[in-house]
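Below are the chains, spelled out letter by letter.
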Amino acid sequence: MNSLLLNLGYFFLKGYYKTLRYKIYNSEIIANLRKEKKQIVFAIFHGQLFPFVYLHRNEGIVTIVSESKDGEIADFFLKKFGFQTVRGSSTRGGVKAVIGAKRKMGDSFDAAVTVDGPKGPRFEVKPGVIYLAKKKTNFVVPAVCKCEKYKEFNSWDKFTLPYPFSEVKIMYGEPIYFSKSIDDSLMEKDKEFLQRKMLELINADF
């Protein structure tokens, strides 16, 4: 896509984001972790990622972006909003991408992983976020959102786009800790546990 169009799109998006009314729940979880200088791996669902981009702009966060053509556009906008990116997916270059994210995090960057991306199934946690947490932080912070008024797309992730001036509620969960073991059976249990906790968070009344 033409770079001029991409830059125009970025300025449009900035204006769009500024109309949203964010309401944050459990923000002290993030504040306390950062006060303790702990790196964070955020776990979010792919269909809910849009509001988080502006909320966490310019915070020194690494994220994994698909190697597809759509991923090239996403990569541009994420970088414009101050994210560090690593290209890869669960189907192509997945292991490389997670290792790349681990390296790029270094000793100071956080990470954000769309746990069911890039192709789903929706709400089904993939192993990448668990592996990254075990290698870097030993925990993840689940985060979900609810929008007052929104467009839900007919895609595998039911991608949610809040309407301008809509209220967007963000809920952070308590950190979920893991052992360091990457044994297959334990990894599967960790995935199921994280998935259950994230679904509980979505269904919570907030």
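Scroll up for the structure.
Residues numbered from 1 in each chain as written. Predicted model: local features only at pLDDT ≥ 70, side-chain atom pairs only at ≥ 80, totals over all residues. Heavy atoms only, no water.

### Quick word on the overall build of the chain
When you go through the chain residue by residue, the secondary structure sums to seven helices and ten strands. Here the C-alpha radius of gyration of the chain, 16 Å, is about what a compact globule of 206 residues would show, namely 17 Å. Here the chain holds 206 residues, and the buried ones make up 46% of them. Partitioning the contacts of the chain with sequence separation of at least 6, the portion at a separation of at least 24 is 75%. Here the chain displays about 10800 Å² of accessible surface, and carbon together with sulfur accounts for 53% of that area. (Helix = DSSP H or I, 4+ residues; strand = E, 2+ residues; numbered from the N terminus. Rg over C-alpha atoms; globule rule 2.2 N^0.38 Å. Buried < 20%, exposed > 50% of the residue type's maximum accessible area, 1.4 Å probe, protein only. Contact = heavy atoms within 4.5 Å. Areas by Shrake-Rupley, 256 points an atom, 1.4 Å probe, with all protein chains shown as cover.)

### Thoughts on unusual backbone geometry
Residue Pro 118 follows Gly 117 across a cis peptide bond; omega there is 0°. One can find Pro 118 in the loop between β5 (110–114) and α6 (127–136). Following Gly 120, the chain continues to Pro 121 via a peptide bond in cis, the omega torsion being 5°. One non-glycine residue, Lys 37, lies in the positive phi region at around 60°. Tracing the backbone shows Lys 37 in the loop between α2 (27–35) and β2 (41–44). For Lys 37, a relative accessible area of 76% corresponds to the exposed category. Positive phi is not limited to glycine here, since Lys 158 has a value of about 50°. In this fold, Lys 158 is placed in the loop between β7 (150–152) and β8 (160–162). Take Lys 158: its relative accessible area is 28%, and that puts it in the partly exposed class.

### A short note on the pairing of β2
With burial as the criterion, each face of β2 is covered, one bearing Val 41 and Ala 43 and the other bearing Phe 42 and Ile 44. With four bridges connecting them, β2 and β5 associate as parallel partners. Bridge assignment links Phe 42 to a residue of β5, and that residue is Ala 112. Across two bridges, β2 lies against strand β6 (residues 139–147) in parallel orientation. From the neighbouring strand, Phe 42 faces β6, where its bridge partner is Val 141. (Pairing = 2+ DSSP bridges.)

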